[in-house]
Amino acid sequence: MLTATQKYAAGALFGLALHQAQIHQTRPLGFPYEDDDEDGIGRRPSEDRSSSGSSADSVSEDSQLWVNQSCGLLRPVFRVLEIDEKAWAGLEETAGHSEAKQHVGAFLRLLAEERDVSSDASDKELALTNGVDAMSSSMETSPTDYESKKEKQREYEQSCREKLSNPEMTPEMKSEEKDLLDNIQQDTNNIQQETNVTTSVVEQTHVQAISESNGKPVEEVEMLSYPRKVTVLYELLSACLADTPEDNKKSTRRRKGFDARHRVALRLLATWLDVKWIKMEAIETMVACSAMALLKEEESKEETRSPESSWAKWKRGGIIGAAALTGGTLMAITGGLAAPAIAAGFGALAPTLGTIIPVIGASGFAAVASAAGSVAGSVAVAASFGAAGAGLTGTKMARRIGDVEEFEFKAIGENHNQGRLAVEISVSGFVFEEEDFIRPWEGQYNNLERYALQWESKNLFSVSTAIQDWLTSKIATEMMKRGAMMTVLGTLVTALAWPTTLLALTDFIDSKWTIAVDRSDKAGKLLAEVLLKGLQGQRPVTLVGFSLGARVIFRCLQILAESETNAGLVERVVLLGAPIAIRDVNWEATRKVVAGRYVNAYSTNDWMLGIAFRANLLTQGLAGIQPVDVPGIENVDVTEVIEGHSSYLWCTQQILEQLELDTYFPVFNGRNFES
């Protein structure tokens, strides 16, 4: 649908977006940096041109750059767009060693040109746009559904509060308990006087919201028609999913399937073009469905074609990118088109898609939509993708591995078997019942295929109950009333010694906590193995977890960071109330394997987390109660909404809404916390 010049411009813009996305790993938009521009495109000082810190004079000499040929991210896109190979090196240099601001406008003007654009291409652009709008409309949640989820979340919160409420305090306490409290108070007072400790914590560093100027689209975008913007994003996504035989010979570092770095670059480009992200998600679903439809069509004629003619048809139909061919096998996308709503919507789009992809035709799309509406049809489509009987829900621990006795994924939400090209895995870490692995995440709404990880419930129940029993004891309650714990927390943050009397009181938590921490680290290793095996369907993954669940995710990232080839697996990460040390831990390495946003949400009054994790606090700090001073980590202070560590059970959904994860730039809209 694009002319040769427009394809060149689209490839160039994607290269610029890809490199800017890498820069934003350590220099997120909206954070104050010297020499930043005001339009959100980004600027890199000449002495620090890549996120790897390399000072190479040429992109070809810096293998850490995402636009370098060795990463296998950019040239396959150029190839599918049929950009002249002679221009590839120049486009790479432009993307990697120039300020994006200098070039984005020029390439947008090239895209806006109408020379040599046939009426047929214009008709296809319009048909594609109508299809995307229809699909995105079907993917939006209704106010009724949203309110229904909210009500269920309120019911869960009420249930949790009743279950975890403190018992009534008796009027009089035993004399020995009173003496003990007096000793604790005296100890904390002495420490504070000797070291001049204040109860204040490190000043919060997160960005409340990106500046208005950074949120504006590029000025030249107004020259582009909406159908042209949609077409560019469609063509680029198809090219990103391509895996041609030629690519296999030239790059060994790029993983097959949909690379997280590609998705982040597309997210930035959609921001530049002022296209809502749900439109991009609609394009993803259409491309996935188109690939499935084409596969069904190809299979029905396979016996009568030679490999050469088959390949020619794929290429001529323009679906080479959507199909993601690897030796004749499509990329694994878990599930098919079982959902009746999607099947019906897909059937309605058949004329539109048939125009864009003539190889299949409207009748072919209608047929696959009809087949997908039945259970048998969905199984057939899933089998075509090599996903039948596998996927995350098939990952259940059948035997004991590394002392981990339970490790199982549970499907949540309504987006399964609907051609979603991205996955979210949520991990609870402070639980009292089995439902606590799932209920905190049910109220969330997004267009990802979502799973909750249920792991080591026996140990998590044990440590959570032990901590809660201590919290509801008369000793702890009285300490809270006297404000002693806030003094203790101030002591923790500054890595000073604890009152010895308090340490004696919490010894009984240690054994259970130590076991739970050990199992969380081992579960994190298993999670990394799952992602490395591609059981998520070789799709970008968003990881969200609270308490020990956040530690599971962090350990997973540490394992992935051991190899540079794993950089394209994880798109976004959110850690909430994380029991993870700050110092003497390589946060920078984990940041490199997260292509997009990386959030550390902390509460300065979560002293329960401090008690449980005190052994390391003396020298290392704690991410769950203070900021992590690492470039590219979004530190978000959620103290206003988190009453105590158990609050993450019912407040996680609210925090995620305020983070607005679907935006490219860092956002934390805390204004709604009051409600």
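Heads up: the structure comes first, above all this text.
Residues numbered from 1 in each chain as written. Predicted model: local features only at pLDDT ≥ 70, side-chain atom pairs only at ≥ 80, totals over all residues. Heavy atoms only, no water.

Colleague: An account of helix α28 (residues 648-659) is needed here, citing residue identities and associated values.
Modeller: With 10 of 12 residues buried, α28 is to be regarded as a mostly interior element. Listed as buried for α28 are Y648, L649, W650, C651, T652, Q653, I655, L656, Q658 and L659. Buried residues in α28 make contact with α6 (143-164), α18 (439-442), β4 (541-546), β5 (570-576), β6 (598-602) and β7 (634-637). (Buried < 20%, exposed > 50% of the residue type's maximum accessible area, 1.4 Å probe, protein only. Helix = DSSP H or I, 4+ residues; strand = E, 2+ residues; numbered from the N terminus. Contact = heavy atoms within 4.5 Å.)

Colleague: Mind laying out the pattern of salt bridges, listing which residues take part and the relevant values?
Modeller: Tallying each qualifying case throughout the model produces 26 salt bridges. For the salt bridge of R551 with D521, the shortest nitrogen-to-oxygen distance reads 2.9 Å. Within this pair, whereas R551 is found in helix α24 (residues 548-560), its partner D521 is found in helix α23 (residues 507-532), the two being separated by 30 residues in sequence. Taking the relative accessible area as the measure of exposure, D521 reaches 23% and is therefore partly exposed. Note that R597 and E634 form a salt bridge whose closest N and O atoms lie 2.9 Å from each other. With R597 in the loop between α25 (587-592) and β6 and E634 in strand β7, this residue pair connects regions lying 37 residues apart in the sequence. In this structure E634 comes out as buried when scored by relative accessible area, which is 4%. (Salt bridge = Lys/Arg side-chain N within 4 Å of Asp/Glu carboxyl O.)

Colleague: Residue-level account of the side chain of R519, with values.
Modeller: By the element assignment, R519 lies in helix α23. Engagement of the side chain of R519 in a polar contact is seen with the side chain of E456, the distance being 2.9 Å. With sequence-adjacent residues up to four places away left out, R519 is seen in contact with D403, V404, W455, E456 and N459. (Polar contact = N/O pair within 3.5 Å; in protein donor to acceptor, adjacent residues only side chain to side chain.)

Colleague: Give a detailed account of the nonpolar core, specifying residues and quantitative values.
Modeller: Counting residues in hydrophobic clusters, the biggest one holds 84 residues, and the most contacted among them are F407, I425, W455, L543, L575 and W587. Counting 72 residues, the second-largest nonpolar core is a separate cluster that includes L13, M135, L266 and W277. (Core = buried A, V, L, I, M, F, W, Y, C linked by side-chain atoms within 4.5 Å.)

So yeah, pure geometry; function would need other evidence.
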